[in-house]
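The residues making up each chain are set out below.
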Protein chains: 4
Amino acid sequence: MIIILKKNAPKNEVDDLCKVIESQNIKINEVKGAHTTILGLIGDTHKIDTEAIEAQEIVESVQRVQEPYKGVNRKFHPENTLIDIGNTTIGNGDVAVIAGPCSIETEEQIIDTCMQVKAAGANLLRGGAFKPRTSPYSFQGLGDEGLKLFLKAKKATGLPIVTELMSLAHIDLFADVDIIQVGARNMQNFEMLKELGKCEKPILLKRGLANTIEELLMSAEYIFAGGNTKIILCERGIRTFETQTRNTLDISAIPVLKALTHLPVVVDPSHATGKYELVEPMSMAAVAAGADGLIIEVHNNPQKALCDGAQSLTPKHFGSCMDKCAQIGSVLGKKVGTL
Amino acid sequence: MIIILKKNAPKNEVDDLCKVIESQNIKINEVKGAHTTILGLIGDTHKIDTEAIEAQEIVESVQRVQEPYKGVNRKFHPENTLIDIGNTTIGNGDVAVIAGPCSIETEEQIIDTCMQVKAAGANLLRGGAFKPRTSPYSFQGLGDEGLKLFLKAKKATGLPIVTELMSLAHIDLFADVDIIQVGARNMQNFEMLKELGKCEKPILLKRGLANTIEELLMSAEYIFAGGNTKIILCERGIRTFETQTRNTLDISAIPVLKALTHLPVVVDPSHATGKYELVEPMSMAAVAAGADGLIIEVHNNPQKALCDGAQSLTPKHFGSCMDKCAQIGSVLGKKVGTL
Amino acid sequence: MIIILKKNAPKNEVDDLCKVIESQNIKINEVKGAHTTILGLIGDTHKIDTEAIEAQEIVESVQRVQEPYKGVNRKFHPENTLIDIGNTTIGNGDVAVIAGPCSIETEEQIIDTCMQVKAAGANLLRGGAFKPRTSPYSFQGLGDEGLKLFLKAKKATGLPIVTELMSLAHIDLFADVDIIQVGARNMQNFEMLKELGKCEKPILLKRGLANTIEELLMSAEYIFAGGNTKIILCERGIRTFETQTRNTLDISAIPVLKALTHLPVVVDPSHATGKYELVEPMSMAAVAAGADGLIIEVHNNPQKALCDGAQSLTPKHFGSCMDKCAQIGSVLGKKVGTL
Amino acid sequence: MIIILKKNAPKNEVDDLCKVIESQNIKINEVKGAHTTILGLIGDTHKIDTEAIEAQEIVESVQRVQEPYKGVNRKFHPENTLIDIGNTTIGNGDVAVIAGPCSIETEEQIIDTCMQVKAAGANLLRGGAFKPRTSPYSFQGLGDEGLKLFLKAKKATGLPIVTELMSLAHIDLFADVDIIQVGARNMQNFEMLKELGKCEKPILLKRGLANTIEELLMSAEYIFAGGNTKIILCERGIRTFETQTRNTLDISAIPVLKALTHLPVVVDPSHATGKYELVEPMSMAAVAAGADGLIIEVHNNPQKALCDGAQSLTPKHFGSCMDKCAQIGSVLGKKVGTL
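**Student:** When you look at the overall build of chain A in this model, what are you seeing that I'm missing?
**Tutor:** Assigned secondary structure in chain A consists of 10 helices and 14 strands. Over its C-alpha atoms, taken along the principal directions, chain A stretches across nearly 75 × 45 × 40 Å. The buried share among the 339 residues of chain A stands at 65%. For chain A, contacts bridging at least 24 residues in sequence account for 67% of all contacts bridging at least 6. Surface summary for chain A: the accessible area is close to 11500 Å², and the carbon and sulfur share equals 49%. With 36 positive and 41 negative side-chain charges, chain A shows a spacing of 2 Å between the two charge centroids.

**Student:** What am I meant to see in the relation of the copies chain A and chain C here?
**Tutor:** Each of the two chain copies can be generated from the other by rotation about an axis followed by a shift along it. Each copy superposes on the other: chain A lies on chain C with an RMSD of 0.0 Å after a rotation of 180 degrees and an axial shift of 0.0 Å. These values place the two chain copies in the arrangement generated by a two-fold rotation axis. In terms of C-alpha distance to the rotation axis, chain A has A:Ala285 as its closest residue, with the C-alpha 2.0 Å off the axis. When you check the interface residues of chain A against chain C, 100% turn up at the interface there too, and the contact is symmetric in its surfaces.

**Student:** In this structure, what is going on with the sheet that holds strand E10 (residues 179-182) of chain C? I would like to understand it.
**Tutor:** Two pairing modes exist for strands in a sheet, parallel and antiparallel, and in both the strands are linked by backbone hydrogen bonds. Residues and elements named next belong to chain C. Pairing is parallel around the closed barrel formed by 8 strands, whose spatial order is E7-E8-E9-E10-E11-E12-E13-E14. The average angle at which neighbouring strand axes cross in this sheet is 25 degrees, direction not considered. Sheet topology places strand E9 (residues 161-164) next to E10; 3 bridges connect them, and they run parallel. The residue bridging Val162 from the neighbouring strand is Ile179, located in E10. Of the strands in this sheet, strand E12 (231-235) and strand E13 (265-267) are in contact with helix H7 (residues 253-260), which crosses E13 at around 165 degrees.

**Student:** Got a minute to help me understand the relation of the copies chain D and chain C in this structure?
**Tutor:** Rotating chain D by 180 degrees and moving it 0.0 Å along the rotation axis overlays it on chain C with an RMSD of 0.0 Å. An overlap of 98% is found between the interface residues of chain D and their copies at the interface of chain C, pointing to a shared contact surface.

**Student:** How should the sheet that holds strand E12 (residues 231-235) of chain B be read in this particular structure?
**Tutor:** All names here are of chain B. One closed barrel accounts for 8 strands, arranged E7-E8-E9-E10-E11-E12-E13-E14; its pairing is parallel. With strand direction ignored, the average angle separating the axes of adjacent strands in the sheet is 25 degrees. Relative to strand E14 (residues 293-297), strand E13 (residues 265-267) is paired through 2 bridges, and the arrangement is parallel. In the sheet register, Val266 faces E14, and the bridge partner there is Gly293. Along the sheet face, helix H7 (residues 253-260) touches E12 and E13 and points at about 165 degrees away from the line of E13.

**Student:** For this particular structure, what's the right way to read the nonpolar core?
**Tutor:** When a protein is soluble and globular, its nonpolar side chains tend to lie buried together. Among the nonpolar cores identified, the biggest contains 299 residues, and A:Phe318, B:Phe318, C:Phe318 and D:Phe318 are the most heavily contacted of them. The residues touching D:Phe318, leaving out its near neighbours within four places in the chain, are D:Val97, D:Ala99, D:Val117, D:Ala120, D:Ala122, D:Ile296, D:Val298 and D:Leu313.

**Student:** I tried to follow helix H4 (residues 144-157) of chain D on my own but got confused; where do I start?
**Tutor:** Since there are 3.6 residues in each turn of an α-helix, residues three or four apart along the chain are aligned in direction. All names here are of chain D. Taking 1.5 Å per residue as the helical rise, H4 with its 14 residues ought to reach 20 Å, and the 20 Å between its terminal C-alpha atoms agrees with that figure. The complete set of buried residues in H4 reads Gly146, Leu147, Leu149, Phe150, Ala153 and Thr157. For H4, the angular spread of buried residues about the axis comes to 160 degrees, placing them on one side. Against helix H3 (107-119), strand E8 (124-126) and strand E9 (161-164) lie the buried residues of H4. Just downstream of H4 lies Gly158, where phi reads positive at about 75 degrees.

**Student:** Even after reading the chapter, I still don't get the interface of chain D and chain C, so can you show me in this structure?
**Tutor:** Frequently, the measure chosen for interface size is the accessible area that the parts lose on association. Contacts between the two partners involve 47 residues from chain D and, on the opposite side, 48 residues from chain C. Taking both partners together, chain D and chain C bury about 4100 Å²; carbon and sulfur atoms supply 48% of that area. Its salt-bridge partner being C:Arg239, residue D:Glu215 comes within 2.4 Å of it at the nearest N-O pair. Inspection of the chain D/chain C interface yields 22 residue pairs in polar contact (both at pLDDT 80 or more). Elements supplying a minimum of two residues to the side of chain D that touches chain C: helix H2 (50-54), helix H5 (190-196) and helix H6 (213-225) of chain D. Examining the composition of the side of chain D that touches chain C, we find that 5 residues originate from one element, H6(D), more than from any other.

**Student:** What exactly am I supposed to notice about the state of the cysteines here?
**Tutor:** One way to say it: the disulfide is the covalent bond shared by the sulfur atoms of two cysteines. Scanning the model with the defined rule gives 0 disulfides over all chains in all. A disulfide-free cysteine, B:Cys234 has its sulfur positioned 13 Å from the sulfur of B:Cys102, the nearest such atom. Free of any disulfide, D:Cys114 has its nearest neighbouring cysteine sulfur in D:Cys102, separated by 13 Å.

**Student:** What's the story with the packing of helix H6 (residues 213-225) of chain C against H7(C) in this structure? I'm lost.
**Tutor:** A pair of packed helices is captured by two measures, namely the crossing angle of their axes and the spacing between those axes. All names here are of chain C. Relative orientation of the contacting elements H6 and H7 amounts to 45 degrees, with a least axis distance of 11 Å. Between H6 and H7, the crossing angle belongs to the class labelled oblique. Considering how the two elements wind past one another, H6 and H7 form a crossing that is right-handed. From H6, Ile213, Leu216 and Leu217 reach across to H7, where they touch Ala253, Val256, Leu257 and Leu260. Residues belonging to the contact of H6 with H7 are distributed by class as follows: 7 nonpolar, no polar and no charged.

**Student:** What is the right way to look at the packing of aromatic side chains in this model?
**Tutor:** For any two aromatic rings, the description comes down to two numbers: the centre-to-centre distance and the angle of the planes. Summed over all chains, the structure comprises 12 aromatic pairs over all chains. Ring geometry for A:Phe130 against A:Phe174: centres 6.3 Å apart, planes inclined by 20 degrees, an arrangement best described as stacked. Here A:Phe174 lies in the loop between strand E9 (161-164) and strand E10 (179-182) and A:Phe130 lies in the loop between strand E8 (124-126) and helix H4 (144-157), a separation of 44 residues in the sequence. For the pair shown, A:Phe130 and A:Phe174 are each scored as buried. Seen from their ring centres, B:Phe241 and C:Phe241 are 5.5 Å apart, and the 55 degrees between their planes marks the pair as tilted. A residue pair is termed interchain when its members come from two chains, as with B:Phe241 in the loop between E12 and H7 and C:Phe241 in the loop between E12 and H7. Considered together, B:Phe241 and C:Phe241 belong to a single accessibility category, that of buried residues. Connected via pairs of aromatic rings, a cluster forms that spans A:Phe241, B:Phe241, C:Phe241 and D:Phe241. Positioned over the ring face of D:Phe241 is A:Arg239, at 5.9 Å from the centre of the ring.

**Student:** Explanation requested: the pairing of strand E4 (residues 59-63) of chain C in the structure shown.
**Tutor:** On a regular strand, each side chain points to the face opposite its neighbour's, so the side chains alternate between the two faces of the sheet. Residue and element names in this part refer to chain C. When you tally the buried positions in E4, you get 4 out of 5 residues, the bulk of the element. Bridge count for strand E1 (residues 2-5) against E4 is 4 bridges, and the pairing is antiparallel. Each bridged residue has a counterpart across the sheet, and for Ile3 the counterpart in E4 is Val62.

**Student:** Help me out: how do you make sense of the side chain of C:Gln181 in this one?
**Tutor:** All names here are of chain C. Tracing the backbone shows Gln181 in strand E10. Engagement of the side chain of Gln181 in a polar contact is seen with the side chain of Glu164, the distance being 3.5 Å. Apart from residues lying up to four places away in sequence, Gln181 is in contact with Val162, Thr163, Glu164, Leu165, Leu204, Lys206 and Ile295.

**Student:** What is the right way to look at the interface of chain A and chain C in this model?
**Tutor:** In this assembly, 29 residues from chain A lie in contact with 29 residues from chain C. Both faces combined, the contact of chain A with chain C buries some 2600 Å², and carbon together with sulfur accounts for 73% of it. When the buried area of chain A at its contact with chain C is split by residue, A:Glu242, A:Gln244 and A:Val331 rank highest and sum to 18% of it. Viewed at the interface, chain C and chain A are joined by 2 salt bridges. At the surface where chain A touches chain C, the tally comes to 4 residue pairs in polar contact (both at pLDDT 80 or more).

Conventions used here
Residues numbered from 1 in each chain as written. Chains lettered and ligands numbered in written order. Predicted model: local features only at pLDDT ≥ 70, side-chain atom pairs only at ≥ 80, totals over all residues. Heavy atoms only, no water. Helix = DSSP H or I, 4+ residues; strand = E, 2+ residues; numbered from the N terminus. Buried < 20%, exposed > 50% of the residue type's maximum accessible area, 1.4 Å probe, protein only. Contact = heavy atoms within 4.5 Å. Areas by Shrake-Rupley, 256 points an atom, 1.4 Å probe, with all protein chains shown as cover. Lys, Arg positive; Asp, Glu negative; His and termini not counted. Charge placed at Lys NZ, Arg CZ, Asp CG, Glu CD. Least-squares fit on C-alpha atoms with pLDDT ≥ 70 in both. Pairing = 2+ DSSP bridges. Axes fitted to C-alpha atoms, helices over the stretch in contact; angles between N-to-C directions. Core = buried A, V, L, I, M, F, W, Y, C linked by side-chain atoms within 4.5 Å. Expected span 1.5 Å × (residues − 1). Arc of directions from axis to C-beta. Buried area = accessible area lost by both parts, 1.4 Å probe. Salt bridge = Lys/Arg side-chain N within 4 Å of Asp/Glu carboxyl O. Polar contact = N/O pair within 3.5 Å; in protein donor to acceptor, adjacent residues only side chain to side chain. Disulfide = S-S within 2.5 Å. Parallel < 35°, antiparallel > 145°, perpendicular 65-115°, else oblique. Left-handed = near helix turned anticlockwise from the far one by under 90°. Nonpolar A, V, L, I, M, F, W, Y, C, P; charged D, E, K, R; others polar. Phe/Tyr/Trp six-rings, centres within 6.5 Å; stacked < 30°, edge-to-face > 60°. Lys NZ or Arg CZ within 6 Å of the ring centre and 35° of its normal.

Structural measurements only, silent on function.
As structure tokens, this is what we get:
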């Protein structure tokens, strides 16, 4: 960490600041320039509160040199984290495929869709029982009734399930859920992250719509610091000025994250683009760029979907998407789904 | 609402779509152009799910004509909502001032700061017991211990208090809090909004860092639809590419919101800018632009603040800021704080 | 085009507006709702000035139904535009590769680099003689001296060259340049676009850092409307809040543009990411998503580069990148470069 | 400037880098931490190319400590720059008001509008002869014919005029123009900035739609470095996700710029908001926040305006806006316009 002092900072105040910092087991090296004096902090600085230092009258600015996350940092844990769920391992170099409808609507819908995505090569099932909707007047999901239907689909297919937790008050209902999803709008719901840090289930943590990669990793660090190391990161598009797509899928986040952290990275092309015709090319791009997984919306009748139908593939189109991705995977030595 | 159909949409499918819509008590007027056919929907369309319609094969796009919010819409409730808390009314044309430290740290700190902001003309007190921090290693607030200290400050000053709720699990602790704050990161924590809709206390709802004014109003609509109409909106800066300020305070949101909704609008220049020297000019600008209130961070010793010291005013500087704002207010016929 | 009128718009003013519009050979269909009246405009509306209509007192808003661009619109020209330069055709389904240094620095550097990228499979050469730099104190390029060196590289390799035009005052120097590049910062330099519309050379038009796809197409329309139909669009990353990459490469812009326009789309992973280690995965992703070309920075000694060395590949690394892209191309039936 | 080296950077390579830097008359202070080594550069570093250093294999990152601009930096020139035009001084603590139509349309329109804004207290006139329009099919301005009409208005009113230069090819037509405006889309048209650096007229430099304050100052530095120190900066709104306003007026840019630079800062609320009803509150906010000037669109018949009518005030409304701003100015000791 580097502290840049204001010109003419009184020596006694600088000394006071240095004493406070050194008391935290940090060494300080002072660099005096013509216009500026810099303090270089040496030691484990990731717990130092940069804001408290910036508040000092004599400080012009503070710049971090090391990343502010430690547990999820690849520098301190070079090997990939592997997450085993049922017969699938996420993070081992292959591409896990999670598929299913945006919302769970009826028993017929969820079971039929899940059977078809399994047949097409999906490893895990996705489906929403509690739905975050911008409008209070939109369909809010079937809630615990939806979860029960989803468990039937789990039983029918034998595949593990992923679904979103919107409130800690619901967590007891998630006993048989295999991966708990934290949605983009809850990425910085820090109380939820703290609780999930105490939980034993893998967490699928979605990047917030306007959050940086570092903020995503800091939210993962909340879970990690609580003791739960089974974290899957999910790039699902960020908000930009572009209106042709719902959000902009940040494909470069895949190799960036793979370099910064040992956690697996999956990609959600359905929410990112909001348009079914873009799901296939974006899935192919994600595989080419090194994603550990894909999470794709499939509905057995998109036109009747109660939510996000415009971005859902039909099972047939999903099959074609899987084939294309598997072809890309084949030249890279990666298995895509169960294909 | 307007539905733009794809070229060559089969007549029978268009008829089917029209029947579904008409069954919701909506009339349809069809406009046929050279390249496009448009359906104009007439009636109360705010509960129609635009996404479900966009998912139809024959639909090119859907455009709303009416706002998707109704309860908080000024069109249906032209008079300003007035919110009475203690001796203060928010929304009556004056400028209510809420002041206090970012975090509650010690009994001395909170009581001393609050006494001083009262003396300088504040109407209400702010202070954080539960703090949303990007890093799990940063100070997280004193929690319920902090709330107890804040209640002592309430008693000592006789002023009402505002503090942030970060989890519904804490709500029982908020019995003596006067206004519950929903932070920017929880603006779309829809489960929290639903619960607060059932609550009787006024809610201070902060705009999310990358959220639009319409999304803010839709979140307010969640609370309103639950039955709680005492909602105060707060503009606190939005994320932009600018790095000289922590966020960019959207001053134009004040007159825009005042036109769209009957709810009062307060402004937080401290979090928006992140720099104490910008708080005074931005407070003055907010008063000039028509804000119903200001929420300002004041610390009796900013350099020792455990959080956000860089943006906190000293009580003395706060006094000067109040004077300047009162001067602006005076030419506009607005009382600022108790001045 | 749809005009939404204000509630209680006086009938005579509406009639006046309708007359003005109808005089432009447009038919109007009026739709009256409970709260709103809508005018549906039927005919060729792309030359109607939406802003002039929005300025009318009686108008609440105006919404376009058709795209505002016509010449570059795939709806009116379904076949791909093919651009022939030397032995290469851009837009025919293969992936053209343009490679070379950011800046032309010395004869040795440009010729050596160009010979090596040719050997590795590049179809065309890139190199900057006039460089847009944020700081007036940074290296500004060798100017016409640089162009002369680049022409030597063209002769030595027999490959066509692409280079950026920063001012119309330089255009006479570009007589032997094969493709003229318009940089991101000049995407809305409309006077330049108008002039290039009269020129016979192909134009490589880069998307602005914060511009939408529609704005890119409107800038292309400026060139097209002037008579020059040989336009190559270039996605080169957009500005987002992410700081791990210089910009965010919008891979989804590739399939979106391919659907909206008949013009070819190339991708610049070097400027988009600003980091050499991301160029290979992003190139692979771009090929997988359907790009018509890649434009990649290669320097024979990146550490000595006078500009953008951090994002330049070595010739060796470029060779490996070409191999990986060719593998992806092979499963999609696309030739990548001359491989 | 601070250079952060990669872990395990070979000593001989570090020594080589240091030699190159020291040859530029810079001293280096090395700080060795547990995980990181930092080089602190002491001396005048604003001409050092950070990108060239970042390209070195052994360098992890480079961070500037000093601002990269020098001529426009208030640190090296603490007094305000004053710009005299006719009877008006911009930058002296008062608020200069520039008003007039977006586009010059007819002799009657420009002279009538200008006479009325003069009567209402404007100091200078604005009007567009060359108009940057997103669409090639929109009205592009009257060009040199428009300039001639504007000069008639100058003569009729005796007030100085401001108008936009879109191409250096037009500069000879600007001989009698008092202030040359560089539009937002040309803020980084570096060739234009270099030429204007050689010119003797004051330049009104608008901030680009997605540009930072530092980038604006670097563009001003281009002009300053060329020898022209008469630069007026203009905040005119930045692109954000908000759609209720055309752009988001960054009012906080006013005090930020006033602290960083000695150049005057004017504000354009008309283009920023795109809505006439927001011009008055935003003008008042700008005055309250310390702006040196306002640039406001006024049209004698906004509904007939050929461009941007929706954001133009009538002369009557402009008069009311001036009165409100003058009231705000009065409590701050600032004269607004000629009032």
